[in-house]
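Chain residues, written in single-letter form:
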Amino acid sequence: MPEKQRGRYAALAIAAVVIVVGIPLWWKTTETYRAWLPFSEISELDSLQLQLSVDIEVVFSRGTLTPEQQKKFPLSHVNEKEHQVDAKTGLRYKYETRYRTATIMEEDALNQPTAAEADLSLHMLSESSCGSVVVYVIPESSTLLPEVRFRAFVYFYILKSLLKLIMLIPAVYFQDVKVYVGQRRTALLRSPPFKTSWNLKEVLSNLDVEVEQVVSTMSFGHQDIVAALSNRVRMTKVTKESMADSMRAIKSSPGYEITFSLLNPDPKSHSLHWDIEGAVQSYIQPLLNKLAPIANFSVDSQILYYAVLGVNPRFDNSVSAYTLSADSLSHVINPVEARLGSNAASSNPVLNFLLYVPDAHHSPLFIRDHSKREVPSNAFHSPRWGGIMVYNVNEMYGPEAERPVDININMAKVMGVFLAQLRLMLGVQHTHPPTGFVLQSPGSAGLADWELDRLLWSRSVENIATASTTITSLAQLLDQIGNIVINDNIAQQVSSAVTSLQSAVAELEAGNLAFALQYSREAILASERAFFDPSLLHLLYFPDDQKFAIYIPLFLPMCVPIVLSLLKIVSEAKKRRADKQAKSD
Amino acid sequence: MGITAAAARDEFQEELVIRPLHSGDIYASFQFRTLWDTDFLQEGQKVSHYRLFPKSLGQVLSKFSVRELHISFTQGFWRTMQWGQPFIPSPPGAELWVWFHDTVSDVDGNWKELTNVLSGIFCASLNFIDLTNTVQPSASFKPLGLGNATDHRFLRYATLPREIVCTENLTPWKKLLPCGSKAGLAVLLKSEKLFHSSFHSQAVHIRPVCQHKNGLDFAKILDAPSFCIHLCINCYLHLFTEWSLFKMFSRTLTEACPLATSSKVYVDITDNPEGELFELSPATPLLSQAVVLGDRRTYSVFDLTRAETFGQLRSLNLLLRWKGDGGEMLRPLLHAERYVAGFGLQTGEIHTVIYNNHPYRAFPVLLMDSVPWYLQLYIHTLTVTSKSRDNKPSYIHYQPAKDRHRPHLLEMLIQLPPHSMTEVTVQFERALLKWTEYTPDPNHGFYVGSSVVSALVPSMVAMSTNFTQDQPLFSSFVPVKEESSYFVRVYTEPLLVNLPTPDFSMPYNVICLTCTVVAVGYGSFYNLLTRTFQVDEPSLPLAKRLANLIRRIRGVPLLT
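Remember, it's a predicted structure, so these values are computed and weren't measured experimentally.

A. A look at the overall build of chain B. Looking only at helices and strands, one finds 11 helices and 26 strands in chain B. Across the 560 residues in chain B, those meeting the buried criterion constitute 49%. When contacts within chain B are restricted to residue pairs at least 6 apart in sequence, long-range pairs at least 24 apart make up 76% of them. When the accessible surface of chain B is totalled, it reaches about 27300 Å², and 57% of it is carbon and sulfur.

Spelled out as structure tokens, the structure:
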């Protein structure tokens, strides 16, 4: 039956055309554009193995070692420590310690009368690279250290964990000084008593604990690094302290806006003048210049009139002053914030510092902490938001003064407080130093070199953690929702983020801290740009059920005959085979 | 930089002008001005410390290198024929025009970002401004501040005629004032009363004003942005025989803003020299004369910085009692209106009518029209007729639209004959949009922004032949030059044009219909190809088949 055979071939041919041409054509024309993404490299980043390498130089000055012990110098020693933070994140610290004796010039420098001068002259001799630490071991009898002790180091810290507000109160430490940490990357270590009979190995192992303490103060401690990883890792093993530090510090970002606002609720009685330009130039700018590798900062200021706090202060008869209790401080910020205005010109996080001058009828105003004591700085800060300082002016004029009274604000006093708050916000950690440590105050720069290093370490790790999380979750999202269009620019951002991340990890491994931070910043920028790209949000997709509801008028009448005739052909072929078999039997 | 120097470098002034209109309405115009002596484009040093000038605007100016910025939000249409000229005219909806500094390389990019930022600051939908409704007028919008930039590549102008102005725009606007709404004239700005008025317009104008340092050093000219935020409202209080500040704003004035160097309320009493029209209380001995919009006006002045203004009650509640009818108003010399003519949904015609009411002076006007691309103008049909004679414009600047990229821009310099009506017509065709380009509620129609008529109008003062006024004879012999003409900008009504709108369920219908047609065609094609045709045996006639049925039952052999 050639006629029947022809029909069968025609049905097969149409089925073949539909399958070979039609379906690919339909597939191709309804496909969404998805550029290629480096998924395999991203999944590698998902399990992050970070290695941090620190160069340590231990210099023995004259009188600390016997000539016998000195013979084997110079000497180096590598110490590695591994921590598995969670299933996907591992940390390895590599301390590369080099031991040597001091040069003659260094000996001269160490003979300076005070530790600060010694620190300066050592800095003049050689500049150590970013991220490295130099420890000078000085004889036990050296006069460098005890003098430092009397420059009592002022240190702020009390955590009000319930309110998440931190009061600043000074505390003075008097301890036997073992270690002096200078303004740069050097520390002076008073040598513990060595026995002359020890060989060098015993001496060094005796020194190890101390050196390790110095390094964890001056570069990073395990807790800080784990806290910096908080974006990836569930916080379980972190101490309360470094947790508080990292919660207080504003998140790593490529730029920050710092806004100083003077709140004058009573312009009728006070005409306030503040030389904010000069104050920023002399107090804030040096710190920001120092922090330039970490982020871009921009500073501005404004004066807000008729801006009031959200809480009515209570009058306290015993001191004839108004007081704000610590419990009410959390309500202060919200009403003021509406007036502050957001930064119109950038989307960087804003740090607000408010100077509040209470109106004539509500002054003086004092802030009290939980133990009902007045806070000496009369200031408080709110984590990741900024600080508020109350500045009383009622003593500056008599009751019969002509209103409005011209008042010049003492910017040194104000900026002292704001600078301390700024350091807290930026995450220049002020953790408790181990006992016996003296930290030289950072001086006019506002930030010691080693503090900057600490910040660089934790920021690099934080950036790497954040960028890798962003990139992996973006990859996951794109993988899950197949309908999202991936444009070339997104693919490019993703690959540049991945390469920057890889280089950042590599630079950390090599110990190039500055480059590591640079790459990690690039990574975070590229990953955020890719993640928040508006083209990913285009609703170019419909749910599958609706899509097929629209296709049904086409697909159903086309497919049914094809399927039916194919079934018929198959059943006929089966029947024929059965017939043949029956015949052959 | 010293403290005193910084303090003296900015000042703030506030002012309220109240003008009783002949229609019985009250026109209240608030003006708040901050003058700041600073240079926003200083190399290397960013301006970042603000005192009276609002920080949010300052940041915008320095980030986007803005030389001048004018933004207005208006609810209602200003009826020039009934109310006369406003102090600062503005079209219905939102209007924004910006001059950028000539150092800007990517003007369009800056403009796009600027509109986004401004829409955030003012809570308005300025982010809908894009290249399709932005034009660069060549002559109509010159910088208002000093400076010799006239290259219109750095100018951007856009209007959003559909923008609705409400409380959420007023609140951020009030935040720009140093005293907020806590003291000074701004206490009167209560939104629940303001938005009951028949016309409400709020604006911000920022422009550089040259200032000579030390008075002698002429070479050193500083860019000083004068920042002037302006609010005019026109309260409709026709039904009242008297009005007061309290009735209009539900507030009275109690103090000046302590930061203001001057804080004054002016009441226009020009038409009421002898008190025959209305009675104003409290009376004030302070009078001020000014030539406003070519007309010499007399104002009663209330200085809020003086304690005696407030009297014993310590509050100032201006009260005005009407005595007679409003009387005749002098017709404004320049007036314009616009409408769409034509029928059907394919073509139409835009008519713009400009009136010159001056009895004997002809003067030129600049007409600017920005028409969206979906009205395709036929520029060859452009006709300008005055007094039923063809009036050839002496300057025409026409930039045709590009579909989905830029609107039409038509600028013309037309000479208006005295006491005449000039009609400008142009025909257009309505375009069919893509179905995603229609706005929500497309059957409402599409707005076309107001056209702008800018002119130097001969002054009333110069034209005045009224010698009954007490004036020295020599003063009116030769008209004073600077009073001889004044600049006026008149906005016409925005147009509402219907475009052909499709049935929006159409895509689905089309898909279904096409699929069905394709499926039916395919089905028969498939059948033709795959069916095998066989000769069918002729079947028995019906009678035989019935007979067979019966035979089968009976068990008799069947018929064939």
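B. Focus on the packing of helix H14 (residues 488-510) of chain A against helix H15 (residues 513-531) of chain A. Residues and elements named next belong to chain A. It is at 8 Å that the axes of H14 and H15 come closest, and there the two elements cross at 160°. Classed by the angle they form, the pair H14 and H15 counts as roughly antiparallel. Between H14 and H15 lies a crossing of left-handed hand. Where H14 abuts H15, its residues Ile490, Gln493, Val494, Ser496, Ala497, Ser500, Leu501, Ser503, Ala504, Glu507 and Leu508 lie against Leu513, Phe515, Ala516, Tyr519, Ser520, Glu522, Ala523, Ala526, Ser527, Arg529 and Ala530. Residues belonging to the contact of H14 with H15 are distributed by class as follows: 13 nonpolar, 6 polar and 3 charged.

C. Main features of unusual backbone geometry. Positive phi, normally seen in glycine, also occurs at A:Asn378, with a value near 55°. Here A:Asn378 is to be found in the loop between strand E15 (365-367) and strand E16 (379-382). Although it is not a glycine, B:Ser65 sits at a positive phi angle of roughly 50°. When you line up the elements, B:Ser65 lands in the loop between helix H2 (55-63) and strand E3 (66-75).

D. Representation of the packing of aromatic side chains in the model. Residues and elements named next belong to chain A. Scanning the model with the defined rule gives 25 aromatic pairs over all chains in all. Relative to Phe297, the ring of Tyr256 has its centre 5.4 Å away and its plane inclined at 25°; by these criteria the two rings are stacked. One end of the pair, Tyr256, is in strand E9 (residues 255-264); the other, Phe297, is in strand E11 (residues 296-305), with 41 residues separating them in the sequence. Side by side, Tyr256 and Phe297 carry an identical accessibility label, which is buried. Where Phe353 meets Phe418, the ring centres are 5.4 Å apart and the plane angle is 45°; that geometry is what we call tilted.

E. Fine view of the pairing of strand E14 (residues 350-356) of chain A. All names here are of chain A. Of all 7 residues in E14, 6 are buried, a share of seventy percent or more. Here E9 runs beside E14; their pairing, made up of 7 bridges, is parallel. The residue of E14 that forms the bridge with Thr259 is Asn352. Direction of pairing for E14 relative to strand E17 (residues 386-390): parallel, over a ladder of 5 bridges. Note on E17: the bridge partner recorded for Asn352 is Gly386.

F. Molecular detail of the UniProt feature "transmembrane region" (unreviewed entry) in chain A. The positions that UniProt labels "transmembrane region" (unreviewed entry) are, in the present scheme, residues 9-27 and 548-567 of chain A. Along residues 548-567 of chain A, the helical share is 100% and the strand share 0%, with 24 Å between the first and last C-alpha atoms.

G. Summary view of the sheet that holds E15(A). Residue and element names in this part refer to chain A. With mixed pairing, 3 strands are arranged side by side in an open sheet as E12-E13-E15. Where the open sheet ends on each side, the last strands, each with one partner, are strand E12 (314-316) and E15. Shown here is a sheet whose adjacent strand axes are inclined to one another by a mean of 40°, direction ignored. Bridge count for strand E13 (residues 321-324) against E15 is 3 bridges, and the pairing is parallel.

H. Quick peek at the interface of chain B and chain A. Opposite the 40 residues of chain B that make contact, chain A presents 39 residues. Taken over both partners, the interface formed by chain B and chain A buries close to 3500 Å², and the fraction arising from carbon and sulfur atoms is 62%. Of all residues in chain B, the largest losses of buried area upon contact with chain A belong to B:His49, B:Tyr522 and B:Tyr526, amounting jointly to 18% of the total for that side. Seen at the junction of chain B and chain A, the total is 2 salt bridges.

I. Summary view of the state of the cysteines. All names here are of chain B. Summed over the entire model, instances satisfying the criterion amount to 1 disulfide over all chains. Put simply, Cys179 and Cys257 are joined by a disulfide, and their sulfur atoms are 1.9 Å apart. Residues Cys179 and Cys257 are joined by a disulfide whose S-S torsion is about 70°; by sign, that bridge is right-handed. In this pair, Cys179 is assigned in the loop between helix H5 (167-175) and helix H6 (191-194) and Cys257 in the loop between helix H7 (245-249) and strand E10 (260-268), connecting sequence segments 78 residues apart. Accessibility classification places Cys179 together with Cys257 in one group, the buried group.

J. How the structure looks around the nonpolar core. Judged by nonpolar contacts, the single largest core of 198 residues is most densely connected at A:Phe260, A:Ile409, B:Phe100, B:Leu114, B:Phe122 and B:Leu253. The biggest single contributor to this core is helix H13 (residues 449-480) of chain A, with 13 residues. When near neighbours in sequence (up to four residues on either side) are disregarded, B:Leu253 contacts B:Gly184, B:Leu185, B:Val187, B:Leu188, B:Leu245, B:Val265, B:Leu304, B:Phe310, B:Arg314, B:Ser315 and B:Leu316. By size, the runner-up hydrophobic cluster in this structure holds 36 residues, among which are B:Leu333, B:Phe363, B:Val426 and B:Tyr438.

K. The sheet that holds strand E21 (residues 408-416) of chain B, seen in detail. Residue and element names in this part refer to chain B. Spatially, 5 strands are ordered E20-E21-E17-E24-E25 in an open sheet, and the strand pairing comes out antiparallel. One side of each edge strand has no neighbouring strand; the edge strands of this open sheet are strand E20 (395-399) and strand E25 (485-491). Ignoring strand direction, the axes of neighbouring strands in this sheet form an average angle of 15°. For strand E17 (residues 363-371) and strand E24 (residues 452-458), the ladder comprises 4 bridges, and the chain directions are antiparallel. Looking at E24, one finds that Leu366 is bridged to Ser454.

L. Expanded view of a positive patch on the surface. The grouping of A:Lys574, A:Arg576, A:Arg577, A:Lys580 and A:Lys583 at the surface amounts to a positive patch. Along the chain, the position of A:Lys574 falls in helix H16 (residues 544-584).

Cut-offs applied
- Residues numbered from 1 in each chain as written.
- Chains lettered and ligands numbered in written order.
- Predicted model: local features only at pLDDT ≥ 70, side-chain atom pairs only at ≥ 80, totals over all residues.
- Heavy atoms only, no water.
- Helix = DSSP H or I, 4+ residues; strand = E, 2+ residues; numbered from the N terminus.
- Buried < 20%, exposed > 50% of the residue type's maximum accessible area, 1.4 Å probe, protein only.
- Contact = heavy atoms within 4.5 Å.
- Areas by Shrake-Rupley, 256 points an atom, 1.4 Å probe, with all protein chains shown as cover.
- Axes fitted to C-alpha atoms, helices over the stretch in contact; angles between N-to-C directions.
- Parallel < 35°, antiparallel > 145°, perpendicular 65-115°, else oblique.
- Left-handed = near helix turned anticlockwise from the far one by under 90°.
- Nonpolar A, V, L, I, M, F, W, Y, C, P; charged D, E, K, R; others polar.
- Phe/Tyr/Trp six-rings, centres within 6.5 Å; stacked < 30°, edge-to-face > 60°.
- Pairing = 2+ DSSP bridges.
- UniProt positions renumbered as here; feature names shortened; annotations may be inferred.
- Buried area = accessible area lost by both parts, 1.4 Å probe.
- Salt bridge = Lys/Arg side-chain N within 4 Å of Asp/Glu carboxyl O.
- Disulfide = S-S within 2.5 Å.
- Core = buried A, V, L, I, M, F, W, Y, C linked by side-chain atoms within 4.5 Å.
- Patch = residues over 30% accessible without salt bridge, like charges linked within 9 Å, V, L, I, M, F, W, Y side chains within 5 Å.
- Lys, Arg positive; Asp, Glu negative; His and termini not counted.
- Charge placed at Lys NZ, Arg CZ, Asp CG, Glu CD.

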